Each structure stands twice: as C-alpha cells, then as structure tokens.
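The residues making up each chain are set out below.
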Amino acid sequence: PLINALSSNYIKVAEPALDAVQKLIAHGYLHGEADPSGGPEAKLLSKLIDSACKCHDLGDENMELLVIKALLSAVTSVSLRIHGDCLLQVVRTCYDIYLSSKNMVNQTTAKASLVQMLVIVFRRMEADSSTVPLQPIVVAELMEPVEKADVDGSMTMFVQGVGAHDGAFETKTSTVEGTNPADLLDSTDKDMLDAKYWEISMYKTALEGRKGELADGEVERDDDLEVQIGNKLKRDAFLVFRALCKLSMKTPPKDAAADPQAMKGKIVALELLKILLENAGAIFRTSERFLDAIKQYLCLSLLKNSASTLMIVFQLSCSIFISLVSRFRAGLKAEIGVFFPMIVLRVLENVAQPNFQQKMTVLRFLEKLCVDSQILVDIFLNYDCDVNASNIFERMVNGLLKTAQGVPPGVPTTLQPPQDVAMKLEAMKCLVAILKCMGDWMNKQLRIPDSHPLKKLDAADNSSDSETPTLVNGNEDETVAGSDTHSEASSEVSDVSMLEQRRAYKLELQEGISLFNRKPKKGIEFLINANKVGDSAEEIAAFLKNASGLK
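Residues numbered from 1 in each chain as written. Predicted model: local features only at pLDDT ≥ 70, side-chain atom pairs only at ≥ 80, totals over all residues. Heavy atoms only, no water.

- Per an unreviewed UniProt entry, the chain goes by the name Brefeldin A-inhibited guanine nucleotide-exchange protein 2 and belongs to Sesamum radiatum.
- Among the UniProt annotations of the chain, the heading Subcellular location (unreviewed entry) holds the following wording: "Membrane". (UniProt positions renumbered as here; feature names shortened; annotations may be inferred.)

### Let's talk about the overall build of the chain
Then comes step 1: In terms of regular secondary structure, the chain is built from 22 helices and 2 strands.
Then comes step 2: Looking at the chain as a whole, 52% of its 551 residues qualify as buried.
Then comes step 3: Within the chain, counting contacts between residues at least 6 apart in sequence, those at least 24 apart form 74% of the total.
Then comes step 4: Roughly 24,500 Å² of accessible area belongs to the chain as shown, and the carbon and sulfur atoms make up 54% of that amount. (Helix = DSSP H or I, 4+ residues; strand = E, 2+ residues; numbered from the N terminus. Buried < 20%, exposed > 50% of the residue type's maximum accessible area, 1.4 Å probe, protein only. Contact = heavy atoms within 4.5 Å. Areas by Shrake-Rupley, 256 points an atom, 1.4 Å probe, with all protein chains shown as cover.)

### Focus: the nonpolar core
Then comes step 1: In this structure, I49 and F340 are the most contacted members of the largest nonpolar core, which totals 126 residues.
Then comes step 2: At 11 residues, the largest contribution of residues to this core is made by helix α14 (residues 311-327).
Then comes step 3: If we skip the residues at most four places from it in the chain, I49 touches I25, A34, L71, A74, L80, I82, C86 and V90.
Then comes step 4: If you look at the next biggest cluster of nonpolar residues, it comprises 9 residues, including I513, I524, I540 and L550. (Core = buried A, V, L, I, M, F, W, Y, C linked by side-chain atoms within 4.5 Å.)

### Overview of the pattern of salt bridges
Then comes step 1: A full pass over the atoms with the stated rule returns 13 salt bridges.
Then comes step 2: Notably, a salt bridge pairs K274 with E278, separated by 3.4 Å at the nearest N-O pair. Of this pair, K274 and E278 are both found in helix α11 (residues 260-278), 4 residues apart, which corresponds to roughly one turn of the helix.
Then comes step 3: Residue classification places K274 among the buried residues on the basis of a relative accessible area of 8%.
Then comes step 4: Classification of E278 by relative accessible area gives partly exposed; the value is 32%.
Then comes step 5: The partner of R395 in a salt bridge is E349, with the nearest N and O atoms 2.8 Å apart. Separated by 46 residues along the polypeptide, R395 in helix α18 (residues 392-405) and E349 in the loop between α15 (333-348) and α16 (356-369) bring together distant segments of the chain. (Salt bridge = Lys/Arg side-chain N within 4 Å of Asp/Glu carboxyl O.)

### Details of unusual backbone geometry
Then comes step 1: Positive phi values are uncommon outside glycine, yet N9 reaches one of about 65°.
Then comes step 2: Positionally, N9 belongs in the loop between α1 (2-6) and α2 (11-26).
Then comes step 3: The phi dihedral of D128 is positive, around 55°, even though this residue is not glycine.
Then comes step 4: Relative to the assigned elements, D128 resides in the loop between α6 (104-127) and α7 (139-142).
Then comes step 5: Given the relative accessible area of 51%, D128 is considered exposed.

### Some remarks on helix α19 (residues 417-446)
Then comes step 1: Here α19 contains 30 residues, and its C-alpha end-to-end distance of 43 Å stays within 8% of the 44 Å for a straight helix at 1.5 Å per residue.
Then comes step 2: Of all the positions in α19, only D420, M423, E426, A427, C430, L431, A433, I434, C437, W441 and Q445 are classed as buried.
Then comes step 3: In the core, the buried residues of α19 are packed alongside α16, α17 (373-384) and α18. (Expected span 1.5 Å × (residues − 1).)

### Quick look at the packing of α11 against helix α13 (residues 288-305)
The angle between the axes and the distance between the axes are what describe a pair of packed helices.
Then comes step 1: Where α11 contacts α13, the two axes come as close as 13 Å, and the packing angle between them is 130°. With respect to their mutual orientation, α11 and α13 come out oblique. α11 and α13 meet at a crossing whose hand is left-handed. Residues K266, L270, L273 and L277 of α11 form the contact with α13, whose participating residues are L298, S301 and N305.
Then comes step 2: Of the residues assigned to the contact of α11 with α13, the class counts are 4 nonpolar, 2 polar and 1 charged. (Axes fitted to C-alpha atoms, helices over the stretch in contact; angles between N-to-C directions. Parallel < 35°, antiparallel > 145°, perpendicular 65-115°, else oblique. Left-handed = near helix turned anticlockwise from the far one by under 90°. Nonpolar A, V, L, I, M, F, W, Y, C, P; charged D, E, K, R; others polar.)

Right under this line is the structure:
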C-alpha cells in the first residue's frame, strides 16, 4: 500500500505515505537490506526506497523536504541497510534536489544531508560495521569554505547531527577540456614527466577512452567489473567516491554562465570531496583500492579543475591537493611530484604578473603546510634528494623568497601596490613558519634522552602518514656511549650521509646539465670529470638519450 501511494503521482496521497515511511525507518520497524537483486524482502525494500526517491519528481517543495528526510533516515538507519545501486540512487536524488530545487532551505538541507550520508558511509567502511550510529557533527563546520565566505553562504544556517562519509551518484562528465596541462609546467617539469613519472597525456587518453562510460545521462552502477569488491561497505564507499570524482569533472560548455546548474553541481562535488579527504580514516588513506581510485579519478579531476579560471573551483582544487599532501602522501609520491609544480609552483613562481586571487590562495595553503615539519622533511627527502624528481622544496622556498622581496624595480607588473604588499606579507609568513618548524624539528632531534641517544624518526607515528626515508634523531657528530647502540648509530649516520650524498649528486648533475644546455662540450667535460658520465662514446650517447633536462 505504501509503495502504491508513493507511486500515485498525487501529492495528497503520497505525502502521508512518505511521512509514514520515514517514521517506520526512524523507529527501526524496517529491517534488512534494500537490494534490487536480492530476495523478495530485499526487492520490496528496494522498491520502497525507489518509490520514495521518485516522489522528488512531483516538484513540490514540501515533498522535497520529506524525501530528503526519509532518505537520510534510510542511509543512517542501523536496521535498514542501503547498499550499491540503491545507495547511488538515494545520493543522486539528494544531489538532484540540491541542484534543481527553487527553495533555498531545501537546497541547504539537501546539501547538508549529502554531507551526512558521505560521513556515515565512510565511517561504516572504516569500522567495517553497518551499525555505526549517528554522531553529532556540525555540518556548517564540515562545510567550512576554502576562503572566508561560503560559496552560497547557506551552510552556516544549517546544523545537524552527522555520521560518516560518502554517497554515491550516477555521473555525467564531458570530454577533456581544451587546456593542455603540460602547458602549465616549465620545461624542467615536462622533462621530469617524460622521464620517470606518469605522463599527463595518459589521463587525457584514459578519459577519451571512457567517453561511453562517462556519457551524459549514464547511470552509475555497481555491477561493472571494476567494483567487484567483496565487502559491501568498502564497495559503497568506492562507488560514492568514484561518482563524486566524475561529477566534479562535469564541465559546462564554454563558460559557467551558459550552464550555471552544471557548475553548481561541479562545485558541490568538489566540496564533498574536500570534506571526505579532510576526514579520511586509515583504510581510506592506505588501502590500495582507494589509492588507485584517487590516482585514476581524483587526479583526473584535479587535472581538469586546477586550470579553471573560476576562482572557487581553483580554491577547492588547491584545498583537495593540500589534503592529499598532508594525509595521503605515503602512497602518492609520483602524483604529488606532478601536481605540486602544476598547481602550487606554477602560481607561486609568477612574481610580476600573477593572478592575485590565485596566488593569495596558494600562499594561504602553503602557510598551512609550512607549520608541519614532517611534511617539509618528507618533501625534501622524496623530491629534492631524488635525481628523477623536481626540486620541490627548493623551488617552493625560492618562490616564497622572490615573492617576499616583491616585483624587481623596472619590471612591468599587473599588481597594485596594496596587492604587492599583501603578497609580500603572506610569503614572509610562510618563510618564517618554515624556519620556525625546521628549528623546532631540529631541536627535537638534538634533545634525545641519554637512554636512547639515537633513534630513527618514525614517520608513521606522526599525525599525518608519510613515506619518507628515515632520518637520524640527533647530530651525526654526537658520540655514542655503549657498544650496544653503536651499530644502530652507525647505520643511522650512514643514512644521513647517504641522503647528503644523494642531494650533492643531484645538485652536481643539475649543474652539469645546466652547463650542457649553454655549452654542450663544456657540460659533457664537467660531467665526465665529476664522474656523472663515463668517457666512452657509448656512455655519453646513453646519457644524451636518457637524461632529463637536456635541451
């Protein structure tokens, strides 16, 4: 009877039925799993949820609120379980209400409910339990905007209890945008990409190859081979994450004004991804399945959105990337090595004619990174000490220094004097933060209790995961008392020596390559004398063929 009433297309009949469904779910009278491919009871529950979702089509504002309320009760219920396609449909319905409702309160409620659904799905995945209860969370705080003001200013009005992360959508995505991301990189970074890291073009190829899958109107489903994950809670989280990434890549034709709804959909998808990453648990941060999803879908979204001229899209892309650096870097070395130059350094190193808002956004995000000594150490070790990587730490500090010094005299600039002053101040704050946290980090290394004169820095104990080589917790000139610690101390001193050698080797190699690019003969002579290249014709030819950075 309830399903018939919900499907009647008559508001006076459907409204009390929907209210009844919500109360039955909220009070725990509906048990079991809603699954269209399950047994008779599972199919019936699935049909009930489907009928509730379709009440949104009646176009009535009060019905929209009732639909949101019923669906939120369903997803957060501990007795009724919503998985797979049914979950995708629920989240998509809330997403559609957010986009299409003419009532601002309904839009705000739909958005806040999406946040709650995301949170509960991901918390249950982390806990491996369908009975994780709702916990009070202030949605307005989760939806805190990247800059001072919210996109629509409405989330601050809505506060509700929240539970876990995730909701899965059907997705619509267009083909690749016209911007070639490689054009955003300087020659060094292009060479780096050509050398060892993934090539950005592979993403463009991958996206073009999935045109059919991402075609407009295509419904996201959980029955394709890629998501045959045995654990339903993990599969739900994967489906929702993938759907959000695809929605964030939806691009309106030419400009935002042509399709404001599509741009609104892109922005809310990026906001939800930002929340998801900032509150990610251990499984999400370390599981190969989710790291692969980040590489395949989220990196593709960053690739498309980091070049956006729309400020809010750029800000959200920055925020998402900073979360990856802060919380996911252990599994994303190559990806961060590509995106740090593309998103951060590209903007930072433009001193004379930057986009003021973009650069201030980058400087404010860098200020957050620069207070975490472990992140800075990890960046230096994994990139500046790696011969195949860009010198990210060095370039970041140099970019900050040049920005703090201001536009050189006589150089044409697009900046107004107050803008130049504001930028100098932000850059100086970052430099001071770097010096302070590096000083604090060194103090920790030098003040080790006598019983443990030298102990390896365990990056895993740090609040943010890292993948760095270990560093010595002390001065390598320190004398070690007791033979039982001597071998440990020796190995750690050798670790530091090895890192210093790697960095020195890289700097000397780069000096030779730079000389080669100006005077090839002198460059080769320098590299042979420095034992970076053999002196046989074969070895020189191999170097010319394989070395990155040669022009």
